[in-house]
Amino acid sequence: MSTVLPSTTDATFADDVLSSDLPVLVDFTASWCPPCRMVAPVLEQLAADERDRLRVVQLDVDAEPETARAYRVMGLPTMSLFRGGEVVATLVGARPRAAIAREIEPHLPVR
């Protein structure tokens, strides 16, 4: 797991993600997942660069299975962008930063 990105849990997901004023990119991840470890630094940099327009959090699917099951996470890493409590974009698999940014940009507040 990343030590930089904040984590969310089944118990705190509604407050951390669904009630957020900013869009939230949830990184559904697991410690045993090599592609998850590859994408973590990309997401950390994205979170730092877009901190005024986006929150990025991680959810460990092994430790917090209820939320992963509720959002039908079938492969890792899965990144779901929530805006206004709803999923507006989902990406499955490790992607370069440009690909992630291209998918989520239309859903972020205008600069």
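What you are looking at is a predicted structure, and each value in this text was computed from that prediction instead of being measured.

A. Highlighting the pattern of salt bridges. Evaluated as defined, the whole model comprises five salt bridges. Here glutamate 105 ties to arginine 53 by a salt bridge, and the two come within 2.7 Å at their closest N and O atoms. Placement of glutamate 105 in the segment after helix H4 (97-104) and of arginine 53 in the loop between helix H2 (34-49) and strand E2 (55-60) is noted, with a sequence separation of 52 residues between them. Judged by relative accessible area, glutamate 105 falls into the partly exposed class, the value being 36%. Under the relative-accessibility criterion, arginine 53 is labelled buried at 6%. Put simply, glutamate 66 and arginine 69 hold a salt bridge, and the shortest N to O gap is 2.7 Å. Residue glutamate 66 and its partner arginine 69 are located together in helix H3 (residues 65-70), separated by three residues, close to a single helical turn.

About the cut-offs
Residues numbered from 1 in each chain as written. Predicted model: local features only at pLDDT ≥ 70, side-chain atom pairs only at ≥ 80, totals over all residues. Heavy atoms only, no water. Salt bridge = Lys/Arg side-chain N within 4 Å of Asp/Glu carboxyl O. Helix = DSSP H or I, 4+ residues; strand = E, 2+ residues; numbered from the N terminus. Buried < 20%, exposed > 50% of the residue type's maximum accessible area, 1.4 Å probe, protein only.

The values are spatial; any link to function lies outside them.
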